[in-house]
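Read off the chains here:
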Amino acid sequence: MLTAVANGNNTLGKLVGGCKRIPNSFLLISLALAASLFACSSRADLPLAPSGAAEDPVGSGDAAAQPAEPQKLTLATTTSTENSGLLGYLLPHFEEEYGVRVDVVAVGTGQALQLGRDGNADVLLVHARAREDSFMAEGHGVRREDVMYNDFVILGPAGDPAGIRGQSNAAEALERVAQAEAPFVSRGDDSGTHTKERAIWEAAGVEPGGDWYLSAGQGMGAVLTIADELQAYTLSDSATYLARTLEGIELRILVEGDPILFNPYGVIAVNPTKGAHIQASLADTLVDWLVALPTQERIAQFGVAEFGAPLFTPDSAAWHRVHAIDAD
Amino acid sequence: MNEILRGVAEAVRLIATGDPALREIVLLSLRVSGTALLLSTVTGVPLGALLGLSRFSGRRLVTAVLYTGMGFPPVVVGLSVYLMLSRSGPLGQLDWPLVPTLFAPAAMVIAQSIISFPLVAGFTMAAVMGVDPQLRRQIESLGATRVQNALTVLSEARVGVLVSIIAGFGSIISEVGAVMMVGGNIEHRTRVLTTAIVLETRKGNFDLAMAMGAILLSLAFLTNLAVLLFQGRMFDR
């Protein structure tokens, strides 16, 4: 590339007339364009969903019995399950047991549902109940199960300029943040957390906006970083926040426990009518596996060693059947 | 395929209606990348000329560093700038008014200047070295000073220098890793075209993402075209 520039320039330097300039301009335009195009293609790291290739769906769910190369299942999920490390902890067990490779596409709930709608994922693990229900009602999914839940928490700087520490009502807490015009970082990415945040603002009767309200349009991890750096308030799922405390974050939990902060996760098997590439029976196997007792026990153990408490609470029907007696 | 066509249609609609949210994003992209380009031009062109014209010990090393810099991943630049400016970083800790805070346009300008600087300096050096050495001997024999000599060579290599600036611009207007990291993609503050495209894709708004992609491409094309047309007029006069 350097040589090309040097040569082009050399030729140009010797040219004094006007008519021969056009080809050189073309050379330069294409060169510069090529440079910017190259930059585009190499630098944009848009998350594109790999689709389930051209493998035929298996007849039986007994994939482990087949010696053939591992099959691939695409799981579109929210950033919280990935950022907290839960999937990295759970999925290897599934992959080993069934000889399946699970490709995780971690995006906001909005895009995860869109990936399912477009047939670019086989299974969805998301947390926005109302939107999951309309996804099912529109016929995009064949099956939805409760998997687990955790809690949202309102985080803020230790100094707590808006004075919301210990508030039991999340909506009132956010109302105070708005009144104090203390900086608040929003996910702003149409994710499950963002959906929840909007619901709390609505409950508070506040239309957030202005210099203090920062809509970052990024994942939970990035938003925690920004809020920590700017000493701002934010809403996070407790799992991602707790996982981040290991790396030293100054934000503190100021408000928790309000029922509005309840955060249930559901798993959805995408409707196989989206195309032959949808791994219907494998998807079904993964859903069964996620809600089955052994996996639920693992979920209940996740994070206990590091944080002294689980990051997620199991919530499947199978779990409740066994633990109904323990409840309350 | 449908999404691509719908995206282009949406791009035309957004431009035609002068969508205010889009205008804000485009203007910030141009402001940040333009300022960064200005900074890297006023520093990179002189350095490139110096490297191309003079022989001094350590020149090879500087050149090697420069060439490495030309292929430096923007995310690494972003990460370094982030760590410097962070509240717990060496510059952020100073709390000087001149040090920009993270998640502000000034931080993005710094990162993009660092990305485009090696390109501007490296391409300028190559352009200057491409000028016929006979010319330099000639003007030296006419009694030109070193500065006059350098200016004459630069003017002779002006197209190459212009290409260096365009290449610098192309590398930063389309860059997403560093501005995402140090800018934070905050609406109305630090959201530029590339980070907005990533966001809209994540939200599943492929139409809007594609529309902004089309605008970004047109922007790069028009800038290149405008600069080259301007250059052509300077020649033809």
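What you are looking at is a predicted structure, and each value in this text was computed from that prediction instead of being measured. (Residues numbered from 1 in each chain as written. Chains lettered and ligands numbered in written order. Predicted model: local features only at pLDDT ≥ 70, side-chain atom pairs only at ≥ 80, totals over all residues. Heavy atoms only, no water.)

### Considerations on the overall build of chain A
So, step 1. Along its length, chain A carries 14 helices and 10 strands.
So, step 2. Within chain A, the fraction of its 328 residues that count as buried is 52%.
So, step 3. The contacts in chain A between residues at least 6 apart in sequence include a share of 73% that link residues at least 24 apart.
So, step 4. For chain A, the accessible area works out to roughly 13,800 Å², and carbon and sulfur atoms hold 54% of it. (Helix = DSSP H or I, 4+ residues; strand = E, 2+ residues; numbered from the N terminus. Buried < 20%, exposed > 50% of the residue type's maximum accessible area, 1.4 Å probe, protein only. Contact = heavy atoms within 4.5 Å. Areas by Shrake-Rupley, 256 points an atom, 1.4 Å probe, with all protein chains shown as cover.)

### Observations concerning the overall build of chain B
So, step 1. When helices and strands are counted, chain B shows 11 helices and 0 strands.
So, step 2. Ordered by position from the N terminus, the helices and strands of chain B form the series α-α-α-α-α-α-α-α-α-α-α.
So, step 3. Dimensions of chain B along its principal axes, counting C-alpha atoms only, are 65 × 50 × 30 Å.
So, step 4. Counting only residues that meet the buried cut, chain B has 51% of its 237 residues in that class.
So, step 5. For chain B, the share of sequence-separated contacts (at least 6 apart) that also reach a separation of at least 24 residues comes to 73%.
So, step 6. In the form shown here, chain B has an accessible surface area of approximately 11,400 Å², with 68% of it arising from carbon and sulfur atoms.

### A word on the pattern of salt bridges
So, step 1. This model, assessed by the stated rule, comprises 17 salt bridges over all chains.
So, step 2. Of the charged contacts in the structure, one is a salt bridge between arginine 129 of chain A and aspartate 146 of chain A, with a shortest N-O distance of 3.6 Å. On the criterion of sequence distance, the pair formed by arginine 129 of chain A in helix α6 (residues 129-137) and aspartate 146 of chain A in strand β4 (residues 141-156) is long-range, its members being 17 residues apart.
So, step 3. A salt bridge links glutamate 250 of chain A to arginine 87 of chain B; the shortest N-O distance between them is 3.6 Å. Here glutamate 250 of chain A, found in the loop between α10 (238-245) and β8 (252-255), pairs with arginine 87 of chain B, found in the loop between α4 (74-85) and α5 (105-129), and the two come from separate chains.
So, step 4. Among the residues examined, glutamate 250 of chain A registers a relative accessible area of 45% and is labelled partly exposed.
So, step 5. When its relative accessible area of 31% is taken as the criterion, arginine 87 of chain B is described as partly exposed.
So, step 6. Connected via shared salt-bridge partners are Arg129, Glu132, Asp133, Arg144 and Asp146 of chain A. (Salt bridge = Lys/Arg side-chain N within 4 Å of Asp/Glu carboxyl O.)

### Details of unusual backbone geometry
So, step 1. In this structure, aspartate 190 of chain A takes a positive phi of about 65 degrees despite not being glycine.
So, step 2. Residue placement: aspartate 190 of chain A occurs in the loop between β5 (184-186) and α8 (192-204).
So, step 3. Judged by its relative accessible area of 18%, aspartate 190 of chain A is buried.
So, step 4. The phi torsion at asparagine 185 of chain B lies on the positive side, around 55 degrees, for a residue other than glycine.
So, step 5. Here asparagine 185 of chain B lies in the loop between α9 (177-183) and α10 (193-202).
So, step 6. You can call asparagine 185 of chain B buried: its relative accessible area is 0%.

### Observations regarding helix α7 (residues 170-180) of chain A
Residues and elements named next belong to chain A.
So, step 1. Those residues of α7 that sit buried are Ala170, Ala171, Ala173, Leu174, Val177 and Ala178. Along the axis of α7, the buried positions cluster into a sector of 160 degrees, meaning they face one direction only.
So, step 2. In the core, the buried residues of α7 are packed alongside β4, β5, α8, β7 (233-237) and β8.
So, step 3. N-cap assignment for α7: the residue whose side-chain oxygen lies 2.9 Å from the backbone N of alanine 171 is asparagine 169. (Arc of directions from axis to C-beta. Polar contact = N/O pair within 3.5 Å; in protein donor to acceptor, adjacent residues only side chain to side chain.)

### Notes on the packing of helix α9 (residues 220-230) of chain A against α10 of chain A
Residues and elements named next belong to chain A.
So, step 1. Closest axis-to-axis distance for the α9/α10 pair is 10 Å, and the angle between their directions is 60 degrees. Comparing their axes, α10 and α9 come out oblique. Seen along the crossing, α9 lies across α10 with a hand that is right-handed. Residues Met220, Gly221, Leu224 and Thr225 of α9 form the contact with α10, whose participating residues are Thr240, Tyr241 and Arg244.
So, step 2. In terms of residue class, the contact of α9 with α10 is built from 3 nonpolar, 3 polar and 1 charged. (Axes fitted to C-alpha atoms, helices over the stretch in contact; angles between N-to-C directions. Parallel < 35°, antiparallel > 145°, perpendicular 65-115°, else oblique. Left-handed = near helix turned anticlockwise from the far one by under 90°. Nonpolar A, V, L, I, M, F, W, Y, C, P; charged D, E, K, R; others polar.)

### Structural notes on the nonpolar core
Nonpolar side chains in soluble globular proteins tend to end up buried together.
So, step 1. Val185 and Leu251 of chain A together with Val182 and Leu193 of chain B are the most contacted members of the largest nonpolar core, which has 65 residues in total.
So, step 2. If one sorts the elements of this core by residue count, helix α2 (residues 20-53) of chain B sits on top with 10 residues.
So, step 3. The residues touching leucine 251 of chain A, leaving out its near neighbours within four places in the chain, are Leu155, Gly156, Pro157, Leu224, Ala227, Asp228, Ala232, Thr234 and Tyr241 of chain A.
So, step 4. Ranked by size, the runner-up nonpolar core spans 28 residues in total, among them Leu91, Met148, Leu282 and Val287 of chain A. (Core = buried A, V, L, I, M, F, W, Y, C linked by side-chain atoms within 4.5 Å.)

### Here's the deal with the domain arrangement of chain A
All names here are of chain A.
So, step 1. In terms of domain boundaries, chain A breaks down into domain 1 (68-150 + 264-323) and domain 2 (152-262).
So, step 2. Computed over C-alpha atoms, the centres of domain 1 and domain 2 are 26 Å apart.
So, step 3. Counting residues at the interface gives 18 residues for domain 1 and 20 residues for domain 2.
So, step 4. Taken over both partners, the interface formed by domain 1 and domain 2 buries close to 1,400 Å², and the fraction arising from carbon and sulfur atoms is 63%.
So, step 5. Between aspartate 190 and arginine 131 there is a salt bridge, and its shortest N-O distance comes to 3.8 Å. (Domains from an automatic or database assignment. Buried area = accessible area lost by both parts, 1.4 Å probe.)

### Some remarks on the packing of aromatic side chains
Residues and elements named next belong to chain A.
So, step 1. Applying the stated criterion across every chain yields a total of 11 aromatic pairs over all chains.
So, step 2. Relative to phenylalanine 302, the ring of tyrosine 89 has its centre 4.9 Å away and its plane inclined at 40 degrees; by these criteria the two rings are tilted. In this pair, tyrosine 89 is assigned in helix α4 (residues 86-98) and phenylalanine 302 in the loop between α12 (293-301) and α13 (304-307), connecting sequence segments 213 residues apart.
So, step 3. Exposure remark for tyrosine 89: the relative accessible area of 30% places this residue in the partly exposed category.
So, step 4. Among the aromatic residues, those joined into a cluster by ring pairs are Phe184, Trp201, Trp212 and Tyr213. (Phe/Tyr/Trp six-rings, centres within 6.5 Å; stacked < 30°, edge-to-face > 60°.)

### Examining α8 of chain A
Residue and element names in this part refer to chain A.
So, step 1. Here α8 contains 13 residues, and its C-alpha end-to-end distance of 19 Å stays within 8% of the 18 Å for a straight helix at 1.5 Å per residue.
So, step 2. Regarding α8, the residues found buried are Gly192, Thr193, His194, Glu197, Ile200, Trp201 and Ala204.
So, step 3. A positive backbone phi angle near 70 degrees is found at glycine 205, which sits one or two residues after α8. (Expected span 1.5 Å × (residues − 1).)

### Remarks on the layout of surface pockets
So, step 1. Of the volumes computed, that of the second largest pocket is approximately 580 Å³.
So, step 2. Elements that contribute at least two residues to the lining of the second largest pocket include exactly α3 (79-83) and α9 of chain A together with α4, α9 and α10 of chain B.
So, step 3. Element by element, the count of residues in the lining of the second largest pocket is highest for α9 of chain A, at 5 residues.
So, step 4. Along the lines of polarity and charge, the residues of the lining of the second largest pocket split into 13 nonpolar, 9 polar and 4 charged.
So, step 5. When we break the lining of the second largest pocket down by domain, the ones giving at least three residues each are domain 1 (68-150 + 264-323) and domain 2 (152-262) of chain A. (1 Å grid on protein atoms, 1.4 Å probe; cavity = no way out; pocket = protein on both sides within 12 Å on 5 of 7 lines; lining within 4 Å. Points joined across faces, edges and corners; volume = space filled by probe spheres on them.)

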